[in-house]
Amino acid sequence: MRNAVNNGVWSGTWVAERLGLELVGDDALPQMLGLALRRNPKRAHLLVSHVLGKHVPQSPAVVHGHGLALGCRVRELLGPEEAAKAVVLGYAETATGLGHCVADGVGVAAYLHSTRRPVPGVATAGGFEESHSHATSHLLLPEDPTLLVGDGPLVLVDDEFSTGNTVLNTIRDLHGRYPRERYVVVALVDMRSAADAGRLDDFAREIGARVDLVAAASGAVRLPEGVLEKGQALVARHEAEAAANGERSAAGSSGPVAQLPAPLEDVAADARRDTQGAHPADDRTGQTSPRGSATRVDLHWPRGLPDGGRHGFTPAHRDRLEAALPAMTARLAEAIPGDARSVLVLGFEELMYTPLRLARELAEAVPAEVRYSTTTRSPVLAVDDPGYAIRSRIVFPAHDEPADGPGERYAYNVAGGGFDAVVAVVDSVADTPSLHAPDGLLSRLAAHTPHVVLAVVPSYVPEPLYAAALPEKRSLMLPEPLRGPAFSSYAPEEVGWLLQDLSDVTLEAPTEEREEAIQSGGAHYAESLPVEYQPSEQYQELFHAALKTSAARIAQAVGVVTETVIAERSPRPVLVSLARAGTPVGVLMRRWAQFRHGLDLPHYAVSIVRGRGIDANALRWLAAHHDPRDVVFVDGWTGKGAITRELAAAVEEFEAGGGAAGFDPEIAVLADPGSCVRTFGTREDFLIPSACLNSTVSGLISRTVLRADLVGPDDFHGAKFYRELAGVDVSTDFLDAVAARFPEVAEAVGGAVKELLAGDRTPSWEGWAAVERISEEYGIHDVNLVKPGVGETTRVLLRRVPWKILARAGAGADLDHVRLLAGQRGVPVEEVGDLPYTCVGLIHPQFTRGATGADGKAVTV
């Protein structure tokens, strides 16, 4: 590595001699690293990488190549199957580009980097502290909120692995939210002590996960006692000298020319010829030079392509960037003088990867030698000495209106580099008046090169930012979705619950008390919960038998409804299940999309309450994170269509009240026996085993609760997580049994969808008409007490006080569990010849405990 040693002098010699430091380890370390002094009260020295492209200009092929090589090693370590599920996380600001290169090497991994730039309207998926850094807080702001919740490996990338504290803080934060079995830590250099290495091993055992380490080189910096105080004194002394020298330089006096680490020393002679006097090691004079001029180049950046990994960067994004790079680079090349011999592409703080890829492409397009580095917010002392890694420093004000307020920013080893042109690449957030000011970056660069080129990349913000159209503070106050295993027995990536956890609140009441209160008008059904039904051994056997019999039929219906949604509603739908019955169906639809199309669809569960509408705060959260036009509401089945009508009215009310527009209230259901919707898997009324049980087939989550003393105006609706029922939970059994049948029904699904899309699916609402007729014929006079279909009838038997069950004549095994439950509760089953449903459950129309007995059995009229 020819730029690590300058005329036989290692670029860490100056610091090592004055502080008594010693670099030990692999032979490659001195070739990869130099040393400098920080202006940092927490650590005296700075390891300066010659292959990172941050502080030392380097060949873009070398920078990209080191990251790619590390990524290839990760891919080899994980194997193709695990690598395909991996997510790569890079650290801001130094390793944002390195992490992206590692993701390129892994090949199929999505990429995300932490950021210190808050983005309004984008929810935080995590955060952690970097204890030794001058700026500690890292935010994780993925556009796709499910990016970090998979069970694949998480690959964490930093430029150096010094103590391991940052990695420990990261894993500790993320493992609590999104637990997984494997982590891989990647760094250019591993500089941990033996004690620090043991600490990471202990932590891995503590959380029960595997943590691997991949590094290009390893070693350690041996620090003498009192090194921090000695380093601070050394920095103070040299800054005082630099200030005095800076005054003389500002006055125009000449001085020694900075000798920069090769390859910059090759062009230092040009700097001598081109300048009057020398570039000071620390250029903060505020003077500009008439010799420089800035030219803006429009890259024609592809619309909607992220500028980096701040909000996530997928393999599909990588393909778009690769396709666009040649044309964008050609535009840059046109702005560079044909006789230029040395060109620097200068990135901007966290914006490292895009400038790197432009630089690498530019190196192939122009005859000049192209180098790459970036600006930084990290304060480092500059010393003009061959044995010191930071030879010069350009100082300029921050120009991106940072959240932590105004301050200095730096470009190292640019002054004195003799570059014939510097291409500054910034994002649009940073294209501010401060960038173009007399003391701004462009003017500073113009003092050191005859040609400055500015390329502005659009700052990617997940679109559309619907939160701006909503009560912003209210939306941002809403918490992130609850996920398993902390809430529900579903895997965290399967579903995010837009609910609040009321597990510690006693909400259950005897079924008979609830029914009497509901029918008397004393309480709404959503203000309490029924006591969870505990299935008998016989009933459990019926469930498993029904699941075995109906799994293929359900799998086909799942495939049909999912394919219909993708074809008609959105190519990448956001599935939003109506909790609780819709949730297993939403999970299955998500699994089908993965199985058939390789899609990783977001999936949430929200509450809707008859008579009170959908949870408006859940809609606000969804609008702040997704395009409402992509949202597809999912339920298990339709009965008479009450929820269908409820949702349509609720969405209309939400929009009229100033909420985001675009939500389609059309529900996608597995079964539509009531002919209430256009998007369905089947219109047959058959047994869906997830209707046979309550929470134990729905992730151990209760029905949702809406009660004024528990749910405030800015809260999600509530629900309980019945952890104590884990021993009888069959939620995953149900999902796995159905998903296992996907391959065998795939061909049938294709034919059924083609036929369905070509036919007339206009809802006839025949179910509603039948319910009205039954209500009058049986003297009930309240359609809310008539529950049509196998699913709704089962709910009546499990959660309400049933009066009688109407069963279609000749109905077979689909009603075995209904007959069993009815027998256990003493409820008569009456066969009816012209029933449009397989069965209908009738709730007791005049319920009092006096009419039925305290136990609710032997119901009479």
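Refer to the preceding data block for the structure.
Okay, so let's go over this structure. (Residues numbered from 1 in each chain as written. Predicted model: local features only at pLDDT ≥ 70, side-chain atom pairs only at ≥ 80, totals over all residues. Heavy atoms only, no water.)

Some points on the overall build of the protein chain
Of regular secondary structure, the protein chain possesses 24 helices and 35 strands. Here the protein chain, with 861 residues, has 60% of them falling under the buried criterion. Across the protein chain, contacts joining residues at least 24 apart in sequence account for 78% of those joining residues at least 6 apart. (Helix = DSSP H or I, 4+ residues; strand = E, 2+ residues; numbered from the N terminus. Buried < 20%, exposed > 50% of the residue type's maximum accessible area, 1.4 Å probe, protein only. Contact = heavy atoms within 4.5 Å.)

A look at the packing of aromatic side chains
The description of two aromatic rings rests on the distance between their centres and on the angle between their planes. Scanning all chains against the criterion turns up 12 aromatic pairs. Here W14 and Y388 contribute two aromatic rings whose centre-to-centre distance is 5.2 Å and whose plane-to-plane angle is 85 degrees, an arrangement assigned as edge-to-face. With W14 in helix α1 (residues 13-19) and Y388 in the loop between β16 (369-375) and β17 (393-397), this residue pair connects regions lying 374 residues apart in the sequence. Taking the centre distance of 6.0 Å and the plane angle of 75 degrees together, the rings of F487 and W497 count as edge-to-face. Placement of F487 in the loop between α13 (472-477) and β21 (496-497) and of W497 in strand β21 is noted, with a sequence separation of 10 residues between them. Take F487 and W497: they sit in the same class, and that class is buried. Chaining the aromatic ring pairs together yields one cluster made of F487, Y490, W497 and F721. (Phe/Tyr/Trp six-rings, centres within 6.5 Å; stacked < 30°, edge-to-face > 60°.)

Brief notes about the sheet that holds strand β35 (residues 839-843)
To summarise the sheet geometry, strands pair through backbone hydrogen bonds and adopt either a parallel or an antiparallel arrangement. Strands sit in the order β32-β35-β33-β34 across an open sheet of 4 strands; the sheet is mixed. The two strands at the open ends of the sheet, each matched to only one other strand, are β32 (786-788) and β34 (829-832). With direction set aside, neighbouring strand axes in the sheet form an average angle of 20 degrees. One ladder, built from 5 bridges, connects strand β33 (residues 802-808) with β35; its direction is antiparallel. (Pairing = 2+ DSSP bridges. Axes fitted to C-alpha atoms, helices over the stretch in contact; angles between N-to-C directions.)

Considerations on the pattern of salt bridges
Scanning the model with the defined rule gives 31 salt bridges in all. Of the charged contacts in the structure, one is a salt bridge between D190 and R192, with a shortest N-O distance of 3.0 Å. Note on R192: relative accessible area 15%, which makes it buried. (Salt bridge = Lys/Arg side-chain N within 4 Å of Asp/Glu carboxyl O.)

Comments concerning the packing of helix α3 (residues 60-84) against helix α10 (residues 353-365)
For any two helices packed against each other, the geometry comes down to the angle between their axes and how far apart the axes lie. Contact geometry for α3 and α10: axes closest at 8 Å, N-to-C directions at 125 degrees. One way to sum up the angle between α3 and α10 is to call them oblique. For the pair α3 and α10, the sense of crossing is left-handed. Counted together, P60, A61, V63, H64 and L68 of α3 and Y353, L356, R357, A359, R360 and A363 of α10 form the full contact between these two elements. Across the contact of α3 with α10, the residue classes tally to 8 nonpolar, 1 polar and 2 charged. (Parallel < 35°, antiparallel > 145°, perpendicular 65-115°, else oblique. Left-handed = near helix turned anticlockwise from the far one by under 90°. Nonpolar A, V, L, I, M, F, W, Y, C, P; charged D, E, K, R; others polar.)

Some remarks on the side chain of D158
Within the fold, D158 resides in strand β10 (residues 154-161). Buried charge without a salt bridge: D158, with R116 as the nearest opposite-charge side chain at an N-O distance of 8.4 Å. Ignoring anything within four residues of it in the chain, the contact list for D158 reads Y91, A95, L98, V186, A187 and L188. (Lys, Arg positive; Asp, Glu negative; His and termini not counted.)

As for the sheet that holds strand β3 (residues 22-25)
Strand order in the open sheet made by the 6 strands is β3-β12-β11-β10-β6-β7, with mixed pairing throughout. Two strands in the sheet have a free side with no partner beyond their single neighbour: β3 and β7 (110-113). Neighbour to neighbour, the strand axes of the sheet diverge by 25 degrees on average, direction disregarded. In terms of strand pairing, β3 meets strand β12 (residues 210-222) through 4 bridges, oriented antiparallel. Bridge pairing in β12 places E22 opposite R222.

Re the pairing of strand β15 (residues 342-348)
The element β15 is largely enclosed, with a buried count of 7 among its 7 residues. Both faces of β15 are covered, namely the face carrying S342, L344, L346 and F348 and the face carrying V343, V345 and G347. Here β15 runs beside β16; their pairing, made up of 7 bridges, is parallel. By the bridge assignment, L344 is partnered in β16 with R371. The parallel pair β15 and β16 is bridged by α10, and the resulting crossover is right-handed. Note: β15 against strand β19 (residues 421-427), 4 bridges, orientation parallel. Across the sheet, residue V345 finds its bridge partner in β19, namely V423. (Right-handed = clockwise from strand over helix to strand, strands pointing away.)

Let's talk about the environment of L622
Tracing the chain through its elements places L622 in helix α17 (residues 616-625). Using a relative accessible area of 0% as the deciding quantity, one classes L622 as buried. Between the C-alpha atom of L622 and that of A660, which follows or precedes it by 38 residues, the distance is 9.6 Å. With residues up to four places along the chain from it excluded, the contact list for L622 reads L498, V576, Y604, V606 and F663.

Considering helix α18 (residues 642-656)
Over its 15 residues, α18 extends 21 Å from the first C-alpha to the last, a length consistent with the 21 Å expected when each residue adds 1.5 Å. What α18 keeps buried is the set T644, E646, L647, A650, V651 and F654. An end-on view of α18 places all buried positions within 160 degrees of arc, on one side of the element. Seen from the open side of α18, the exposed residues pointing more than 90 degrees away from its buried face are E652, E653 and A656. Buried residues belonging to α18 abut β26 (603-609), β27 (613-614), α17, β28 (631-637) and β29 (667-671). (Expected span 1.5 Å × (residues − 1). Arc of directions from axis to C-beta.)

Focus: the pairing of strand β11 (residues 182-190)
Burial analysis of β11 places 9 of its 9 residues in the buried class, which makes it a mostly covered element. Note: β10 against β11, 7 bridges, orientation parallel. Looking at β11, one finds that E160 is bridged to V189. Regarding topology, helix α5 (residues 165-177) serves as the crossover connection from β10 to the parallel β11, and that connection is right-handed.

Don't take any of this as a statement about function, it's just geometry.
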